[in-house]
Amino acid sequence: MSVIDFPKNTVLTFSEEEELFRESVREFCQRHIAPNWVEVDKRSEQNPMDIPVDIIKKMADQGLFCIPCSEEYGGQGGSYTMATIAMEEIAYADPSVALAVYALLNTGWPFALELFGTEEACQEIIPEVAAGRAFFGIASTEPQGGSDVAGLKTRAEKKGDVYILNGEKTFISGVGEVQKLEWGGGWFTLARTGGEGHRGLSAFALLARKNGELSDGWDPTIYEDIGRHGLTTGGFRLTDFEVDSKYLIGEENKGFYHVMEGFNLARIVVAAATIGASRWLLEQAVEWFRTRKLFGRNISSFQGVSFKFADMYARWEASRYFVYRASRLADKIYIEKDPSYKPLDLNVPVALAKNYGPETCVDLAEEVMKWYGAYAYTKEAPIFRAWLGPFSYVIGAEGAQNIMRLIIARDIIGRDYLK
Amino acid sequence: MKIAVCVKEIYNLEQVKIVRETREPILDVPKKLDDLSRNALEEAIKIREKLGGEIVAISAGSPELRKTIKEALAMGADRAAIVTDFTESSPESAALVLSRILEKDSYDLILLGDASSDDYSGQMASRVAETLDLPQITFVSEIREVSDGKITCVRDMDDYIEVVESDLPCVVSVTNEINEPRIPALKDILKASKKPVENFSLQDLGIEISRSYEIVENLAPAVDRKQEVIEGEAAEVAGKIAEIIGREV
Amino acid sequence: MKALVFAEKADHLNRISSKLKELGFEVHALSFAEVNADFLYLAGPKYDYASITAAIDMLSNEIRPDLVVFSSTKLGKEVSSRFAQRKNMTCITECLDLQLSDSSITVSRYSLGGKTVTKIRTHLPAVVALVADAIESKEQSFQMNVREFQIPDSPQIRTVSREEKRREAVGLKEADVIVVVGRGLRKEEDLKLVKELAKKLNAEIGCTRPLSHDYRWLPEERMIGLSGEKVSPKLLISIGVSGQIQHAVGIMNSKTVIAINTDENAPMKEHSDYFIVGDLYEILPELIKNL
């Protein structure tokens, strides 16, 4: 039973369809995700390749992947706000955010593929992702750094109709999923086709495995994460990996711009997941306050505790505004295609959401654990999973926090004044 | 087959809170489609999958019903006929309103939940069937067979299980255990808004509501449990429990 | 004042007729067995609503009762509301008690899924369906005028088969000690532990709805809750029960409630005198040793 109900709001309003959708996702998650998330986190910690395929299948059947993609490609034909609502609710049911991240990656990046990729690539890949048979995420980070996207080293040489890729990617989500799911999948990947800097990069739909068969020249490793175990993280080496030109996404040497738009979209749903996890954490706190007594009184009777709670609650509400403001803007640009809104308009709103949401979530998790005390230090208490999972986004997954700050500062103060 | 499913909007019972001092319920909570109504809809959808036809969702309630009925449409009803100014409800008046709407069409089958989860009154099937002069099959835990003109059901009664048969048209009410209602997906929810909804007023139906009974009070029972929390090592705790048992029995 | 009663079960009918007599009604009863009444209409059993409704209609025209009473069983609810609709009368089902003043009756019933108890008053004539097990009254004396009665054979639907449910004689209503088990129990085999505890305490076993109706680990008659048994033991030990209100209304009249649950935030805490936060799999074996 939820303790935190969304307060009456005249600014953050949702349509009837959006509210019905939220209720339906919440019901699905209560039935299939909430009872299982701890078990998934535990099992996958023991064995990262123990991927919750059955839950993924159920989520696919419920239509929780490829939410904004066209029905033509097997997508759900929904808005980006609908996707945001779904991720918030999935993360509320799984605050380790593993399943939420699976869902958000497989909504954001297939949509980016639809925006910039070829008809053929969309017809082939998106239906499989929507059906829960393939994974499609983002592979940008390399050993020398993630934030410096323009400094990418993986090379792509064009030979006739095919690009030959050589290089290495690290800290990529889905390396295991691509191997375990029925069809396979891959990533929205960047490689250098031209000269130095951001103008020499192209984007590709790199399929490590398709139709159940592994491609040659793809050599994976799986990492041992400290949290969010239900989703694998790993790396792969590309040795003369062949990518057909139909998998080129957008224009050659324009890949940097395409991936930046993709990141904007992905970051919205990332932030959505963290606000869902935050809501779970807030409820854990409230239920604790209502039952736990110390020195003969509820611990929330100590102002040091209740005031801190109020501060965290305020940050949570604020993050929600950032997130939905960004999702509504994304709808204007990419769904409604309203010409008065441009893709670049998303930069600051997204940076705000992606910066504020994860940091609020992690700070909140830390506070909740302190309120719980020693119990939260044991593995029996599930709270630490809701701390370590979202922490991946503070560490820098899908965009480092300081890069978000840079985007905001650069936009408001002016690029020239930050040199 | 033309199937009518009478559905009910109820308060989201989980969210209803009680004022500690006065024991009054706080009903400023959103409404939702009753679980048993969803069981009835799910059964209708299964029948339509086998025999084809049309499913009409029928309901009487508050203005909020305009939103709640979309749940029924999202689950799979083809269209809806609703009354949204029906607030002083009683079993008699609800039956009257539903029957007036049902009379406007000729249905092969009328499905309902065997009761609603807010008050478990369980009168609607009987009252509607009597008004429309139709046979009724209540407390159905399984619909064995439906064909043109006939229906066979299993009834889960208190002390016995019955298999009964009736000609169509017929009124059937279903138990909570008959099926697991589907959760509508986004595509279904988006489609729901485009499905036709006929909205009648009580005046349109020529009905004037008057309640024949008076609600004297509606309060939560006084909770006076000690609520003493005991924690500790299993052996220690077990000892304490044994002590309490010794005292009480 | 006259009351016309029908209940398919003799013990229900007896409880109801005592109550009605206590309130001052002249009790007319339609029954399949010899029960207490001032005027008893003894009939061969029929279970189809149409025939019973016709019978009640006939008797009601003859007797002109102020109150028509049924037991709030599934059959009772079905017939009472069909009859009430036929006569354009108010019908209130699931009534937990009955009071009479002047020409009105007041009843109580659960609302909002069990969260509240509603008191309803209505003028006579009216129809009510009473939860027979909840009705208390002192022993009464009746005139016992018995008459054979033929329920018209006028079913609207065809009965293909009827099979008695194998009902376990379950003494939950009379039990002094009850052990209730809920979804905290992981497997059906684990019931062994619960049964051992119940044996040590000479207790009856009850359960929440999922265990009897969904998993079918225990017979339906062991279900305690809004749509099941309502119990009033001296001691009730609740094991792995979350404490949803639909179940809690069934145990409200217990004198002392001890609950064991791993979740310190479970709603069951509000319905317990002693709420033990712990694992039943660790505590039960220790408890059994202790007793």
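Residues numbered from 1 in each chain as written. Chains lettered and ligands numbered in written order. Predicted model: local features only at pLDDT ≥ 70, side-chain atom pairs only at ≥ 80, totals over all residues.

K.L.:
Hey, could you go over the overall build of chain C for me, with residue numbers and the actual values?
P.N.:
Across its full length, chain C holds 7 helices and 16 strands. Projected onto the principal axes, the alpha-carbon positions of chain C cover approximately 65 × 45 × 35 Å. (Helix = DSSP H or I, 4+ residues; strand = E, 2+ residues; numbered from the N terminus.)

K.L.:
Please give an account of the overall build of chain B that cites residues and values.
P.N.:
When helices and strands are tallied, chain B shows 6 helices and 15 strands. Summarising its shape, the C-alpha atoms of chain B cover approximately 65 × 40 × 40 Å along the three principal directions. Taking all 249 residues of chain B together, 47% fall into the buried category. (Buried ≥ 20, exposed ≤ 12 C-beta atoms within 10 Å, placed from the backbone.)

K.L.:
Tell me about the interface of chain B and chain C, residues and numbers included.
P.N.:
At the interface, 64 residues of chain B touch 65 residues of chain C. Secondary-structure elements contributing two or more residues to the side of chain B that touches chain C are α3 (91-102), α4 (124-131), β9 (136-147), β11 (160-167), β14 (213-219), β15 (228-230) and α6 (234-248) of chain B. Among the elements that line the side of chain B that touches chain C, the one with the most residues is α6(B), at 10 residues. Considered class by class, the residues forming the side of chain B that touches chain C number 34 nonpolar, 13 polar and 17 charged. (Contact = placed C-beta atoms within 7 Å. Nonpolar A, V, L, I, M, F, W, Y, C, P; charged D, E, K, R; others polar.)

K.L.:
Hey, could you go over the environment of B:Arg225 for me, with residue numbers and the actual values?
P.N.:
Mapped onto the fold, B:Arg225 is located in the loop between β14 and β15. Classification of B:Arg225 as partly exposed rests on a count of 18 C-beta atoms within 10 Å. Once the C-alpha coordinates of B:Arg225 and B:Phe200 are considered, the two residues, 25 residues apart in sequence, prove to be 48 Å apart. For B:Arg225, the contacting residues outside a window of four places in its chain are C:Val257, C:Glu270, C:His271, C:Ser272 and C:Asp273.

K.L.:
Tell me about the pairing of strand β13 (residues 204-207) of chain C, residues and numbers included.
P.N.:
All names here are of chain C. Because side chains alternate across β13, one face comprises the buried residues Glu204 and Gly206, and the other comprises Ile205 and Cys207, equally buried. Alignment of strand β12 (residues 177-181) against β13, held across 4 bridges, turns out to be parallel. From the neighbouring strand, Val181 faces β13, where its bridge partner is Cys207. Tracing the backbone out of β12, into helix α4 (residues 191-201) and back to the parallel element β13 gives a crossover that is right-handed. (Pairing = 2+ DSSP bridges. Right-handed = clockwise from strand over helix to strand, strands pointing away.)

K.L.:
An account of helix α6 (residues 119-130) of chain A is requested, with residue identities and associated values reported.
P.N.:
Residue and element names in this part refer to chain A. With 12 residues, α6 ought to run about 16 Å at 1.5 Å a step, and its terminal C-alpha atoms sit 16 Å apart, in line with that. Those residues of α6 that sit buried are Ala121, Cys122, Glu124, Ile125, Ile126, Glu128, Val129 and Ala130. Just beyond α6, the residue with positive phi is Gly132, at close to 75°. (Expected span 1.5 Å × (residues − 1).)

K.L.:
Lay out the domain arrangement of chain C with the relevant residues and their values.
P.N.:
Residues and elements named next belong to chain C. Along its sequence, chain C is organised into domain 1 (2-149) and domain 2 (177-290). For domain 1 and domain 2, the distance between their C-alpha centroids amounts to 33 Å. Residue composition of the side of domain 1 that touches domain 2, grouped by class: 2 nonpolar, 2 polar and 2 charged. (Domains from an automatic or database assignment.)

K.L.:
Could you give an account of the interface of chain B and chain A, with specific residues and numbers?
P.N.:
Listed as interface residues are 14 residues of chain B and, on the opposing side, 16 residues of chain A. Mapped onto the side of chain B that touches chain A, the elements with two or more residues apiece are α2 (65-75) and α5 (186-192) of chain B. Residue composition of the side of chain B that touches chain A, grouped by class: 7 nonpolar, 2 polar and 5 charged.

K.L.:
Any chance you could break down unusual backbone geometry for me, citing the residues and the numbers?
P.N.:
The omega angle of the peptide bond from B:Leu168 to B:Pro169 is 0°, so this bond is cis rather than trans. Residue placement: B:Pro169 occurs in the loop between β11 and β12 (170-174). Cis geometry marks the peptide bond from C:Leu124 to C:Pro125, where omega comes out at 5°. Checked against the element boundaries, C:Pro125 lands in the loop between β8 (116-123) and β9 (126-130).

K.L.:
Summarise the sheet that holds strand β1 (residues 2-6) of chain B; cite the residues concerned and give the values.
P.N.:
As a general point, the strands of a sheet are linked pairwise by backbone hydrogen bonds and lie either parallel or antiparallel. In spatial order, the strands read β13(B)-β7(B)-β6(B)-β1(B)-β8(B)-β12(B)-β9(B)-β10(B)-β11(B)-β11(C); together these 10 strands make up an open sheet with mixed pairing. In this open sheet, the two strands that pair with only one neighbour each are β13 (197-200) of chain B together with β11 (158-164) of chain C. The average angle at which neighbouring strand axes cross in this sheet is 25°, direction not considered. Relative to β11(C), β11(B) is paired through 6 bridges, and the arrangement is antiparallel. Bridge pairing links B:Val163 to C:Ser161 in β11(C). The strands touched by helix α1 (residues 35-51) of chain B are β1, β6 (54-60), β8 (109-113), β9 and β12 of chain B; relative to β8(B), the strand with the most contacts, the crossing angle is about 150°. (Axes fitted to C-alpha atoms, helices over the stretch in contact; angles between N-to-C directions.)

K.L.:
I'd like to hear about the packing of helix α4 (residues 80-93) of chain A against helix α9 (residues 303-335) of chain A, residue by residue, with values.
P.N.:
All names here are of chain A. Where α4 meets α9, the closest approach of the two axes is 7 Å, and the angle between their N-to-C directions is 145°. For the pair α4 and α9, contact is made by Tyr80, Thr81 and Thr84 and by Val323, Tyr324, Ser327, Arg328, Ala330, Asp331, Tyr334 and Ile335, respectively. Of the residues contributing to the contact of α4 with α9, the split by class is 6 nonpolar, 3 polar and 2 charged.

K.L.:
Could you give me a rundown of the sheet that holds strand β16 (residues 274-277) of chain C, with the residues and numbers involved?
P.N.:
Taken together, the 6 strands give an open sheet; going across it, the order is β15(B)-β16(C)-β15(C)-β14(C)-β12(C)-β13(C), and neighbouring strands pair in parallel fashion. This sheet does not close on itself; its edge strands, each paired only once, are β15 of chain B together with β13 of chain C. In this sheet, adjacent strand axes meet at a mean angle of 20° when their direction is disregarded. Across 3 bridges, the pairing between β15(B) and β16(C) is parallel.

K.L.:
Explain the packing of helix α10 (residues 347-372) of chain A against helix α11 (residues 385-395) of chain A residue by residue, including any values.
P.N.:
Residue and element names in this part refer to chain A. Interaxial distance between α10 and α11 falls to 8 Å at its minimum, and their mutual angle equals 150°. By the angle between their directions, the pair α10 and α11 is classed as roughly antiparallel. Note on packing geometry: the crossing formed by α10 with α11 is left-handed. When α10 is examined against α11, the residues Pro358, Glu359, Cys361, Val362, Ala365, Glu366 and Met369 are found in contact with a partner set consisting of Ala386, Trp387, Pro390, Phe391, Tyr393 and Val394. (Parallel < 35°, antiparallel > 145°, perpendicular 65-115°, else oblique. Left-handed = near helix turned anticlockwise from the far one by under 90°.)

K.L.:
Lay out the environment of C:Ile52 with the relevant residues and their values.
P.N.:
Along the chain, C:Ile52 falls in helix α2 (residues 49-63). Put simply, C:Ile52 and C:Glu94 are 42 residues apart on the chain and 19 Å apart in space, counted from C-alpha to C-alpha.

K.L.:
Give me the lowdown on the confidence of the model for chain C, citing residues and values where you can.
P.N.:
Across chain C, the average pLDDT comes to 93, with 100% of residues at 70 or higher. As a predicted assembly, this complex carries a pTM of 0.90 together with an ipTM value of 0.92. (pLDDT = per-residue confidence, 0-100.)

K.L.:
Can you lay out the nonpolar core for me, pointing to particular residues and giving the numbers?
P.N.:
Of all hydrophobic cores here, the largest spans 244 residues; its most connected members are A:Leu113 and B:Val5. Here the element with the most residues in this core is helix α8 (residues 255-291) of chain A; it accounts for 16 residues. Ignoring sequence-local partners within four residues, the contact set of A:Leu113 consists of A:Ala121, A:Cys122, A:Ile125, A:Ile126, A:Phe136, A:Phe188, A:Ala205 and A:Ile249. Grouped together as the second largest cluster of nonpolar side chains are 46 residues, C:Phe6, C:Tyr41, C:Val107 and C:Ile120 included. (Core = buried A, V, L, I, M, F, W, Y, C linked by C-beta atoms within 7 Å.)

K.L.:
I'd love a proper account of helix α3 (residues 53-61) of chain A, names of residues and values included.
P.N.:
All names here are of chain A. Listed in full, the buried residues belonging to α3 are Ile55, Ile56, Met59 and Ala60. One face of α3 carries all of its buried residues, which in axial projection span an arc of 140°. When the buried face of α3 is taken as reference, the exposed residues oriented beyond 90 degrees from it are Asp54 and Asp61. Against α1 (16-32), α5 (98-116) and α6 lie the buried residues of α3. (Arc of directions from axis to C-beta.)

K.L.:
Account for the environment of A:Ala131, naming residues and giving values.
P.N.:
Within the secondary structure, A:Ala131 is located in the loop between α6 and β1 (134-139). As for A:Ala131 and A:Lys57, which are separated by 74 residues in sequence, their C-alpha atoms are 7.3 Å apart.

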